[in-house]
Amino acid sequence: MGCGAAGHGAVRGPPGPRGGAAGASQRAGLQREVPSNCIKTSKYNIITFLPVNLFEQFQEVANTYFLFLLILQLIPQISSLSWFTTIVPLVLVLTITAVKDATDDYFRHKSDNQVNNRQSQVLISGVLRQEQWMNVRVGDIIKLENNQFVAADLLLLSSSEPHGLCYIETAELDGETNMKVRQAIPVTSELGDTSKLARFDGEVICEPPNNKLDKFGGTLYWKESKYPLSNQNMLLRGCVLRNTEWCFGLVVFAGPDTKLMQNSGRTKFKRTSIDRLMNTLVLWIFGFLVCMGVILAIGNAIWEHEVGVCFQIYLPWDEGVHSAFFSGFLSFWSYIIILNTVVPISLYVSVEVIRLGHSYFINWDKKMYCAKRRTPAEARTTTLNEELGQVEYIFSDKTGTLTQNIMVFSKCSVNGHSYGDVQDVLGHKAELGERPEPVDFSFNPLADPRFQFWDPSLLEAIKLGDPHVHEFFRLLSLCHTVMSEEKNEGELYYKAQSPDEGALVTAARNFGFVFRSRTPKTITVHELGRAITYQLLAILDFNNIRKRMSVIVRSPEGKIRLYCKGADTILLERLHPINQDLTNVTTDHLNEYAGEGLRTLVLAYKDLEESYYEEWSERLHQASSAHEAREDRLAQLYDEVEHDMMLLGATAIEDKLQQGVPETIAILTLANIKIWVLTGDKQETAVNIGYSCKMLTDDMTEVFVVTGHTVLEVREELRKAREKMMDASRSTSNGFSYQEKLSSSKLTSVLEAIAGEYALVINGHSLAHALEADMEVEFLETACACKAVICCRVTPLQKAQVVELVKKYKKAVTLAIGDGANDVSMIKTAHIGVGISGQEGIQAVLASDYSFSQFKFLQRLLLVHGRWSYLRMCKFLCYFFYKNFAFTMVHFWFGFFCGFSAQTVYDQYFITLYNIVYTSLPVLAMGVFDQDVPEQRSMEYPKLYEPGQLNLLFNKREFFICIAQGIYTSVLMFFIPYGVFADATRDDGAQLADYQSFAVTVATSLVIVVSVQIGLDTGFWTAINHFFIWGSLAAYFAILFAMHSNGLFQMFPNQFRFVGNAQNTLAQPTVWLTIALTTVVCIMPVVAFRFLKLDLKPELSDTVRYTQLVRKKQKTQHRCMRRAGRVGSRRSGYAFSHQEGFGELIMSGKNMRLSSLALSSFTARPSTGWIETLRKKKGSDSSTTGSPSSAASKTLKV
């Protein structure tokens, strides 16, 4: 597809040997401008894999850093370590990553080859020949047969169906499995045989390649005429031909130009807050490493100048070293090499292994598996698991996410009369549970047996011939884009693009207006048993801006009528003034329906004069043929004809809540997670769903509704809301000054000052003003002060803007969850995107980081998997930095006793194996399997989630504590053996102190101390933990004795010189006493500190573990009491009539199921009050609702 001067592509030329639009002479010219149909998603081939993969891996700063160290180690003057101490772990890391990349790319190659080698029938020299997809070119004419994939983006020329119609399935494009219809333009629909197609020499001028799946603009020039082309004439690559014997198409876009490939761009890479913190800490550590190198280098220069110069005879300087200063310079680089293990390369590999393990736990979780849909939970990324334990804001779609997106026609309003209320025999509205038998549709042989309606008066109106009711259902049977399939006589199957449309057409079907079939120009409806065919003149399709759709049809009597259905906010302002009284009544019904949580649409019609329609139709044809501003011109024409309509009535569709939604929202709210609902539904519907799912409650202090239409109105409403919250806060804060708080933090002033629970509801038009640059901070302040926020009538773009706003100003992790294509931008914008595989296809799932089938699984994903992932990663990092500082800093202290000569304490093999053998597996086991409390307790006590939100378990403070502990351990690790060895002797009286014995003693002490430390850090022991910890210790001793064995010495005499040293050293009781003393002195302060902290200032997880212990000990003694408590605390499932929900039950401590003795034993403890204190200090990071005293008292009982 070449690009012309106007930026449009052109497919043109006389008939050529391949029978397409471009001939042989033009083919060469086209091929220079357009790609082939061969697709390539792989990154490497056999030749480029090694250089390209290594280049990509060395883009990582850590890998480049270790390569730099390796180069330094190859310089004899500065290296006191063998090169293999760095190259072994570096090669191991590069190899593991390369194997992973190669495996991924192999599968991409396999997929590419499978697709590129698919067969397609191409018209060449008037004959259909089999060609591989990769050989298809722009301008070719292709024949497709039923159930075949479309090879490229095609202009449909003709098909086996009448009027050039064909049916396609677009699941691979947008995830929707329902059939869609495409139609050839009339002038080419007669080109049904190859001889006519071979003579086709049309020219297509169209838009350049783009990723818009629902839009196409172009013009066909043929036989001195031009014909407008739209998306309805296109078959896109990735679609499948269905229920159509064959069709022919002209290749317009091929290969990477196709819309499918244009949409396959890479999603923005997301990094966690821990990743960002680690990058900062690594830079700090590198700075610390340089400082240590400088100190030791200065020490070397001074020592060489003052002392070393006296020993030049038997300790001469290396060749090329002529001064103490230069010796110090070389010593600096030597120490950089020796001390580099403070940031080992194994850190990054270990982090990825742990994340991979956490992802598999999510994938394997049977409690997140939906048996009904056979859909497991899926972690589609491995990089964000620990951030699941830090979420503070959830942005949720409503339809299909909180609700089931299974629509049921529930009520309707026709000509001012409301139908659908269930009535008893006396004509009164029946109570819940008193439903009579549903309406009997047996008179209609084509009725759907699954459809149920409870108000018989609507069917009576049909049978009595009420013209308004007849017209109402006639509109529902004509104004839609549903496809009908009749497999057997009378068995109709509707394929609808949305569940709403399917529900409305099914309702019309059951009430006697059966949509039977359609062609591009006709619609056939069976009206009360009589088949009537309407001529379809135009479809004015639905989009997110119009929020309505219309059809223009001609009845058998020749009358032209426009039928329209759409959102009430749009349609009511387009009605004829004569409808005012009816509009008032219908609006009351709409408000009533919305108050019940039903989705509403307004129906209207308009009769058109023949002359006006002809003139309007001509203008429509001209607008659709335009190259420039086609969409705008069409929108103007649509708007013109959809005015002064007559109101028919309204429909109300029920979309029930998903199972477990109220419970999930209540639990997540207790975990201090704020939930914002962003929906396209009208305000009343969204608010009612908010009450149903317990986001909004009657106990709330106030629900603020922002509906302003101008900037000033919206600003004033937001200001009044803040003032009310501040006034309430002043009256309940016992003299607390809001102004004092205001000065400390601009964004969180209201957040920290208010008392009470508030909610905010804002409409789409108001939100548009609220998101403007000069008001977004005010909006965010107000919204963040509220417990719940509902944004109604929002567009997909606004959803993303709201998420971006919170990300911009709040240091908080955001999560977006949705199920439809309109949620994709929101899902991609948030820190974490969750897709629900529901009724609206899989586009949301494809764009997400995690996916599952029901909203209730979000509770488990965050409170169990997320919290555990965060806990494990934090404990892993703390221990990892501790053990490496303890290991490395020994060299620093040794430097002061070896003339700063860059001599290592440990044997070089120990240095190589320490991080990849001796200490790698135990910390991996802790990082993958550890847990502080069982999963049931994580769900029972949502407050356990708060440390992650406050980033308490791994931050700069915790990092420095780990470093301090590591340095403390290294001091004892070096100076205790050093002091002992100064005067110690062997059993035979000989001097014990020698370099190798000292090295073995320090190394053994180190391995034992870090093994005991990880034993203390491990909160959940498994067989794997035991095996890895004690197995690593055993491996250390086995390798130690092997390296000092006679056998290795005989094989490698230059490498393993110290035969029997380990055996001799470890045979001395003094050595073992030294090791024991070092271990005790290193570990005892840690044990003492943890016991004191547990007793004086326990965390909530400590309290929960304590209650478990009490429960087990008193199980027999208090069995009866426990049973009684269990009855009282059974969860009710949040029936909609309940207002309090289960939150206060947890907050009150009544469901702790403890004996009174157990409760009294720790109620006086401060518990999680420190969390609340920290939360208040966090400023913009988080907020509290309620006064500090009440918050603390509540958390004591949680």
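Residues numbered from 1 in each chain as written. Predicted model: local features only at pLDDT ≥ 70, side-chain atom pairs only at ≥ 80, totals over all residues. Heavy atoms only, no water.

Student: Mind laying out the sheet that holds strand 27 (residues 646-657), listing which residues take part and the relevant values?
Tutor: As summarised here, the arrangement of the nine strands in space is 18-17-27-26-25-24-23-22-21, forming an open sheet in which the pairing is antiparallel. Two strands bound the open sheet, and with one partner strand each, they are strand 18 (417-419) and strand 21 (513-518). Strand-to-strand twist across the sheet, computed as the mean angle between neighbouring axes with direction ignored, equals 30°. (Pairing = 2+ DSSP bridges. Helix = DSSP H or I, 4+ residues; strand = E, 2+ residues; numbered from the N terminus. Axes fitted to C-alpha atoms, helices over the stretch in contact; angles between N-to-C directions.)

Student: Break down the side chain of D257 for me, with residues and values.
Tutor: With respect to the helices, strands and loops of the structure, D257 is situated in the loop between strand 14 (246-253) and helix 7 (259-262). Buried charge D257 goes without a salt bridge, the closest partner of opposite sign being R237 at 11 Å. With sequence-adjacent residues up to four places away left out, D257 is seen in contact with P35, P209 and Q262. (Buried < 20%, exposed > 50% of the residue type's maximum accessible area, 1.4 Å probe, protein only. Lys, Arg positive; Asp, Glu negative; His and termini not counted. Salt bridge = Lys/Arg side-chain N within 4 Å of Asp/Glu carboxyl O. Contact = heavy atoms within 4.5 Å.)

Student: Account for the nonpolar core, naming residues and giving values.
Tutor: Counting residues in hydrophobic clusters, the biggest one holds 97 residues, and the most contacted among them are F876, L877, Y906, F910, F954 and L1006. Among the elements that line this core, the one with the most residues is helix 28 (residues 857-895), at 18 residues. The residues touching F954, leaving out its near neighbours within four places in the chain, are L277, L281, Y870, C874, L877, C878, F881 and F959. Counting residues in each nonpolar core, the second largest holds 49 residues, with I362, A377, L402 and M695 among its members. (Core = buried A, V, L, I, M, F, W, Y, C linked by side-chain atoms within 4.5 Å.)

Student: I'd like a rundown of the side chain of T383, residues and numbers included.
Tutor: Structurally, the position occupied by T383 is in the loop between strand 15 (378-379) and strand 16 (391-396). Here the side chain of T383 touches T381 through a polar contact of 3.1 Å, side chain to side chain. (Polar contact = N/O pair within 3.5 Å; in protein donor to acceptor, adjacent residues only side chain to side chain.)

Student: How would you explain the environment of L330 if you had to name every residue and give the values?
Tutor: Tracing the chain through its elements places L330 in helix 9 (residues 324-338). Owing to a relative accessible area of 12%, L330 belongs among the buried residues under this scheme. Residues L330 and A301 lie 29 residues apart in sequence; the distance between their C-alpha atoms is 9.8 Å. Ignoring sequence-local partners within four residues, the contact set of L330 consists of Q77, I78 and V321.

Student: Give a description of the sheet that holds strand 15 that names residues and reports values.
Tutor: Taking strand neighbours across the sheet as the criterion, the nine strands line up as 15-34-33-32-16-28-31-30-29 in an open arrangement whose pairing is mixed. Each edge of the open sheet is held by one strand with a lone partner, namely strand 15 and strand 29 (702-706). The pairing of strand 32 (residues 813-818) with strand 33 (residues 832-836) spans four bridges and is classified as parallel. From the neighbouring strand, A816 faces strand 33, where its bridge partner is G833. Against the sheet, helix 19 (residues 683-692) makes contact with strand 29, strand 30 (758-762) and strand 31 (788-791), and its axis sits at roughly 150° relative to strand 31, the strand it touches most.

Student: I'd like a rundown of the pairing of strand 11 (residues 225-229), residues and numbers included.
Tutor: As paired elements, strand 10 (residues 218-222) and strand 11 share five bridges and run antiparallel to each other. Each bridged residue has a counterpart across the sheet, and for T219 the counterpart in strand 11 is P228. Counted along the chain from strand 10 to the antiparallel partner strand 11, the turn is two residues long, and its residue K223 has a positive phi close to 55°.

Student: Could you give an account of the packing of helix 11 (residues 456-463) against helix 12 (residues 467-478), with specific residues and numbers?
Tutor: Close contact between helix 11 and helix 12 brings their axes to 8 Å; oriented N to C, the two are set at 100°. Overall, the two elements helix 11 and helix 12 adopt an arrangement that is roughly perpendicular. Listed contacts from helix 12 to L458, A461 and I462 of helix 11 are V469, H470 and F473. Grouping the amino acids of the contact of helix 11 with helix 12 by side-chain chemistry returns five nonpolar, one polar and no charged. (Parallel < 35°, antiparallel > 145°, perpendicular 65-115°, else oblique. Nonpolar A, V, L, I, M, F, W, Y, C, P; charged D, E, K, R; others polar.)

Student: Now, about helix 30 (residues 920-929): what can you tell me, with residues and values included?
Tutor: The element helix 30 is largely enclosed, with a buried count of eight among its 10 residues. Buried within helix 30 are the following residues: S920, P922, V923, L924, A925, M926, G927 and V928. Tucked inside the fold, the buried residues of helix 30 contact helix 10 (346-364), helix 28, helix 29 (908-918), helix 34 (995-1017) and helix 35 (1023-1043).

Student: Residues and numbers for the pattern of salt bridges, please.
Tutor: Applying the stated criterion across every chain yields a total of 46 salt bridges. For D365, the salt bridge is made with R860, and the minimal N-O distance between the two is 2.5 Å. Here R860 lies in helix 28 and D365 lies in the loop between helix 10 and strand 15, a separation of 495 residues in the sequence. Summarising the burial analysis for this pair, D365 and R860 share the class buried. In this structure, K875 engages D930 in a salt bridge whose closest nitrogen and oxygen atoms are separated by 2.6 Å. In this pair, K875 sits in helix 28 while D930 sits in the loop between helix 30 and helix 31 (935-940), placing the two residues 55 residues apart along the sequence. With relative accessibility at 0%, the residue D930 sits in the buried group. Taken together, the shared-partner salt bridges connect R546, R548, E573, R574, D639 and E642 into one network.

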